[in-house]
Amino acid sequence: MIPRLPAHVGPHQCGPGQPLLLIAGPCVLENEALCLRIADVLAAIAAALPLRVVFKASFDKANRTSAGAFRGPGIEANSWCHTPVVGYDFFPTFLEWAGVPAAERPTALEGGSLAGLLRDPAAGEVQRPRAGLVFHFPHYQSSEGPQTAIRIGDWKLMHFYEEDRDELYHLGRDLSERRDVARDNPTELARLRQELDRYLALVEAQRPTKNPDFDPTKPSPARKRGGQNRKTREAGG
């Protein structure tokens, strides 16, 4: 994907020809006084140097170095929940925290607010406009090429575009996704694939396209491997 430059961060622009933009702040909000002190220091630096500053901090720092580290205001250390969430849940969460009325929010909003879960991990499911979580990567980010995944309940389907093939996993019995059970569960495979195709068409998702200049006789460039090591997985029969 080619980035759109200059990028917009609030009222600022960053990119070629733009002044330096510093995005800085505490890793997580611990208390108001500390945040204000850090903000004052950053403002003084911005006033003394030819740069602009955007203050940032995490309300909930889930990816901490230590499981017992501070997470955020009103969130106990070592707290967790089993409810699956996804990156596009953040925007609805921020809207709720900002007090934006439901009638003024985007009508085609993806995801659901996590505010209730952050207040009470046992609060239940996140309310989203449709069932399932979709992870769409129509580009090369791993050695397995472009792929899309959908999770509904304990079932997870992965579609790989280069080979036009599907894999199916039951996360309740196989959390590490080592056994592809697509051939054993054709009904679930068809159901999830139908839901995935319907979703991608609804949001007009970008799809990978064939490269007309591709030469199969030339060695492929090395790709950074991401995700799980699928070599250890067993094919279901």
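Cut-off values and rules
- Residues numbered from 1 in each chain as written.
- Predicted model: local features only at pLDDT ≥ 70, side-chain atom pairs only at ≥ 80, totals over all residues.
- Heavy atoms only, no water.
- Helix = DSSP H or I, 4+ residues; strand = E, 2+ residues; numbered from the N terminus.
- Buried < 20%, exposed > 50% of the residue type's maximum accessible area, 1.4 Å probe, protein only.
- Contact = heavy atoms within 4.5 Å.
- Areas by Shrake-Rupley, 256 points an atom, 1.4 Å probe, with all protein chains shown as cover.
- Core = buried A, V, L, I, M, F, W, Y, C linked by side-chain atoms within 4.5 Å.
- Salt bridge = Lys/Arg side-chain N within 4 Å of Asp/Glu carboxyl O.
- Pairing = 2+ DSSP bridges.
- Right-handed = clockwise from strand over helix to strand, strands pointing away.
- Axes fitted to C-alpha atoms, helices over the stretch in contact; angles between N-to-C directions.

Chemist: Kindly report on the overall build of the protein, identifying the contributing residues and their values.
Modeler: The secondary structure content of the protein amounts to four helices and ten strands. Buried residues in the protein amount to 28% of all 237 residues. For the protein, the proportion of contacts with a sequence separation of at least 24, taken over those separated by at least 6, is 48%. If you sum the accessible surface of the protein, you get close to 15900 Å²; carbon and sulfur atoms cover 56% of it.

Chemist: Report on the nonpolar core, specifying residues and quantitative values.
Modeler: Of all hydrophobic cores here, the largest spans 14 residues; its most connected members are Ile150, Leu157, Leu168, Leu192 and Leu196. Mapped by element, the contributors of at least two residues to this core are strand S6 (147–152), strand S7 (155–160) and helix H4 (186–202). Broken down by element, this core gets its largest block of residues, five residues, from H4. Contacts of Ile150, omitting those with residues within four sequence positions, involve Leu133, Val134, Trp155, Lys156, Leu157, Leu192, Glu195 and Leu196. In terms of nonpolar packing, the next biggest core, distinct from the first, is built from five residues, Ala149, Met158, Tyr169 and Leu171 among them.

Chemist: Help me get a handle on the pattern of salt bridges, residues and values and all.
Modeler: A full pass over the atoms with the stated rule returns ten salt bridges. The salt bridge involving Arg128 is made with Asp89; its shortest N-O contact spans 2.7 Å. Note that Arg128 is positioned in the loop between helix H3 (115–119) and strand S5 (133–137) and Asp89 in the loop between strand S4 (51–55) and helix H2 (90–97), a separation of 39 residues in sequence. Judged by its relative accessible area of 21%, Arg128 is partly exposed. Its salt-bridge partner being Arg198, residue Glu195 comes within 2.9 Å of it at the nearest N-O pair.

Chemist: Lay out the environment of Val134 with the relevant residues and their values.
Modeler: Note that Val134 resides in strand S5. Beyond its immediate chain neighbours, meaning those up to four positions away, Val134 contacts Tyr88, Thr148, Ala149, Ile150, Leu196 and Tyr199.

Chemist: Tell me about the pairing of S4, and please be specific about residues and values.
Modeler: Taken together, the five bridges between strand S3 (residues 20–24) and S4 define a ladder with parallel strand orientation. Counted as the bridge partner of Ile23 is Val54 from S4. Handedness of the crossover joining S3 and S4 through helix H1 (residues 32–48) is recorded here as right-handed.

Chemist: Help me get a handle on the sheet that holds strand S8 (residues 165–170), residues and values and all.
Modeler: Spatially, S5-S6-S7-S8 is the arrangement adopted by the four strands of the open sheet, whose pairing is antiparallel. Strand pairing shows two members of the sheet lacking a second neighbour, S5 and S8, which therefore form its edges. Ignoring which end each strand starts from, the neighbouring axes of this sheet average 10° apart. With six bridges connecting them, S6 and S7 associate as antiparallel partners. The residue of S7 that forms the bridge with Arg151 is Lys156. Running over the sheet, H4 touches S5, S6, S7 and S8 and is turned about 65° from S7.

Don't take any of this as a statement about function, it's just geometry.
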